[in-house]
Amino acid sequence: MAPPAVESTINFEGHPSIKTTVDPLVKKLNLKGDTVIRHNAPPPTLYEDGLLEKGTTISSTGALMAYSGEKTGRSPKDKRIVDEETSSQHIWWGPVNKQVDELTWKISRSRALDYLRTREKLFVVDAFAGWDPKYRIKVRIICARAYHALFMTNMLIRPTKEELENFGEPDFTIYNAGQFPANVHTKGMTSSTSVEINFKDMEMVILGTEYAGEMKKGIFTVMFYLMPIKNKVLTLHSSANEGESGDVTLFFGLSGTGKTTLSADPNRKLIGDDEHCWSDHGVFNIEGGCYAKCLDLSAEKEPEIFNSIRFGSVLENVVYDPATKVVDYEDSSITENTRCSYPIEYIPSLKIPCVGGHPKNIVLLTCDASGVLPPVSKLTPAQVMYHFISGYTSKMAGTEMGITEPTPAFSACFGQPFLVLHPMKYAQQLAEKIEQHKANAYLLNTGWSGVGAAKGGKRCPLKYTRAILDAIHSGELDSADTQVFSTFNLHVPKEIKGVPLEVLHPEVDKKEVAALAAKFAENFVKYADQATAEVKAAGPDV
């Protein structure tokens, strides 16, 4: 029987020209002889293959447009971690990290591999997670859709020719058989979707969802486990950028709060838009690309992101004119979670390598749909801990399956769906680093101000949010006079250049304030036994 065909790659936008050998992979997967393997294929090849997939086409600006099928957001209720002896004692078991036994894992893994073996063509991506060579891991993606391969080629760090030649065996492997359902009769299954991670085998299996973000967030979850456990490095759901003087700002926040938008600042160098680690040397980006929300995207509001949607980028679940292929970014009829994946080097203000020093400013982003929280507040060290552990925001429509309107939520460490250890472990590490490096900290509300979404209010205009950030970066807010926002005891600057006073200090409904304060207190109960008296006192008065 003839061996499977192996495709060599060509030079394109940093993709090295190298013929790779995948004989060990062929043997491991037990592939049939006529299977074509696209191993580290460049974008033009992935475009050609992608256009053979149903519903895939090219946008008027050159991006590859694809649909993820029924699932247009993550499926956190279907995420599972294998309960095995090497990691179980470290994992924060509960609603976030659901246990699955090793037998169920074997069944799911076999199901995924059996499906992949039926494909006439497979795609393999070898790349890195983590820009710091000391801490990066080698990742391999094996999938059956070209758009998934291009997505992860964008999102991971692309190796040089020499690095690929010496890549060897990966540290972590994802088997993406998302077109094929999980076995709903298997123990622990609640639907035909399952995203399972095994830290002993260092593998991940995806069944029953073609949403590309599951792969990206799977690697993020792995880093939330590996970095603190093995390297004492803090993993963070944050974006980061750097000013001319080398000052670094970290932006914490869930999807929809503005991490990507606010970090893409033409006056500062981008380190990364979503996932970072903070080591003894400073911060480093985990990814090699950006994953931006596209709803209401425009060249005027977000030029750097808008101009990155070109050849090599992937547009997911967008609506477009069938004749001109012009995308309608205001159309959310498929999902409000329209997305674009693009190589990070498409951002003109990028810093390469994507590393920076220790942060000068920490910005906790929240999207408060109730309109209660002020646009910006300067936080005390205890308040930083309290609000980081609380992780309050409003989940925006489309970010997860079933979310159709802004929904109040508390997400520990502003990244609860991806945490593997108990939130207090990450919070304690953050507090130590802020104290050690004397970073300033702010709570920035990118949501509604004064009048909430339910009462017809409007979200704080981006121009005002950027003016607030400019004041943070210039040092203006570090020494600004403040007034206390009662109940929450937040210190709000009395004035900021370019921000109207009615925006900075809106009238708020006292009942709404009390209601939100009560939600904070109720949520914090589950962390109170591990929090200091000072941190507990930093919450709102109830």
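Treat the numbers as computed from the prediction; the structure is a model and nothing was measured.

Things to note about the nonpolar core
Part 1 of the argument: Of all hydrophobic cores here, the largest spans 144 residues; its most connected members are Ile-141, Phe-252, Leu-315, Ile-362 and Phe-488.
Part 2 of the argument: It is helix H6 (residues 213-231) that contributes the most residues to this core, nine residues altogether.
Part 3 of the argument: Counting 21 residues, the second-largest nonpolar core is a separate cluster that includes Leu-31, Trp-105, Ile-142 and Val-205.

Section: the packing of aromatic side chains
Part 1 of the argument: For the coordinates displayed, the defined rule picks out 20 aromatic pairs.
Part 2 of the argument: Relative to Phe-224, the ring of Phe-220 has its centre 4.7 Å away and its plane inclined at 50 degrees; by these criteria the two rings are tilted. Of this pair, Phe-220 and Phe-224 both sit in helix H6, separated by four residues, roughly a single helical turn.
Part 3 of the argument: Classification of Phe-224 by relative accessible area gives buried; the value is 2%.
Part 4 of the argument: Here the aromatic rings of Tyr-386 and Phe-520 are separated by 6.3 Å at their centres, their planes lie at 20 degrees, and the arrangement is stacked. Within this pair, whereas Tyr-386 is found in helix H9 (residues 381-390), its partner Phe-520 is found in helix H13 (residues 510-528), the two being separated by 134 residues in sequence. The same class applies to Tyr-386 as to Phe-520, namely buried.
Part 5 of the argument: The rings of Tyr-386, Tyr-392, Phe-410, Phe-485, Phe-488, Phe-520, Phe-524 and Tyr-527 are connected pair by pair, giving a single aromatic cluster.
Part 6 of the argument: Directly above the aromatic system of Phe-167 lies the positively charged group of Lys-138, at a separation of 5.6 Å from the ring centroid.
Part 7 of the argument: Sitting over the ring of Tyr-346, Arg-310 keeps its end group 3.7 Å from the ring centre.

Quick word on the sheet that holds strand S3 (residues 57-58)
Part 1 of the argument: Spatially, the five strands line up as an open sheet ordered S3-S4-S18-S21-S17, and their pairing is mixed. Of all the strands in the sheet, the pair left with one neighbour each is S3 and strand S17 (289-293).
Part 2 of the argument: Bridging between S17 and strand S21 (residues 339-343) involves five bridges; their strand directions are antiparallel. By the bridge assignment, Lys-293 is partnered in S21 with Arg-339.

Focus: the domain arrangement of the chain
Part 1 of the argument: Domain parsing of the chain yields domain 1 (33-54 + 74-231), domain 2 (234-279 + 358-538) and domain 3 (291-346).
Part 2 of the argument: Using C-alpha coordinates to define each centre, domain 1 is positioned 25 Å away from domain 3.
Part 3 of the argument: On the domain 3 side, the residues contacting the 14 residues of domain 1 number 14 residues.
Part 4 of the argument: Summed over the three residues of domain 1 that lose the most area to domain 3, namely Tyr-47, Asn-154 and Tyr-211, the buried surface amounts to 43% of that side.
Part 5 of the argument: Between the two partners, domain 1 and domain 3, sit one salt bridge.
Part 6 of the argument: Note that Arg-158 and Glu-345 form a salt bridge whose closest N and O atoms lie 2.8 Å from each other.
Part 7 of the argument: The tally of links from domain 1 across to domain 3 stands at eight residue pairs in polar contact (both at pLDDT 80 or more).

Considerations on the confidence of the model for the chain
Part 1 of the argument: Confidence in the prediction of the chain, expressed as mean pLDDT, is 91, and 93% of residues score 70 or more.
Part 2 of the argument: Note that pLDDT drops below 50 for residues 1-21; the model gives that stretch 55 contacts with residues more than four away or on any other chain.

With respect to the pattern of salt bridges
Part 1 of the argument: One pass over the structure, following the stated rule, counts 26 salt bridges.
Part 2 of the argument: Between Lys-438 and Glu-435 there is a salt bridge, and its shortest N-O distance comes to 2.8 Å.
Part 3 of the argument: Of the residues examined, Glu-435 reaches a relative accessible area of 49% and is grouped as partly exposed.
Part 4 of the argument: Put simply, Lys-216, Lys-217, Lys-259, Asp-274, Glu-275 and Glu-287 are held in one network by salt bridges that share partners.

Parameters at a glance
Residues numbered from 1 in each chain as written. Predicted model: local features only at pLDDT ≥ 70, side-chain atom pairs only at ≥ 80, totals over all residues. Heavy atoms only, no water. Core = buried A, V, L, I, M, F, W, Y, C linked by side-chain atoms within 4.5 Å. Buried < 20%, exposed > 50% of the residue type's maximum accessible area, 1.4 Å probe, protein only. Helix = DSSP H or I, 4+ residues; strand = E, 2+ residues; numbered from the N terminus. Phe/Tyr/Trp six-rings, centres within 6.5 Å; stacked < 30°, edge-to-face > 60°. Lys NZ or Arg CZ within 6 Å of the ring centre and 35° of its normal. Pairing = 2+ DSSP bridges. Domains from an automatic or database assignment. Contact = heavy atoms within 4.5 Å. Buried area = accessible area lost by both parts, 1.4 Å probe. Salt bridge = Lys/Arg side-chain N within 4 Å of Asp/Glu carboxyl O. Polar contact = N/O pair within 3.5 Å; in protein donor to acceptor, adjacent residues only side chain to side chain. pLDDT = per-residue confidence, 0-100.

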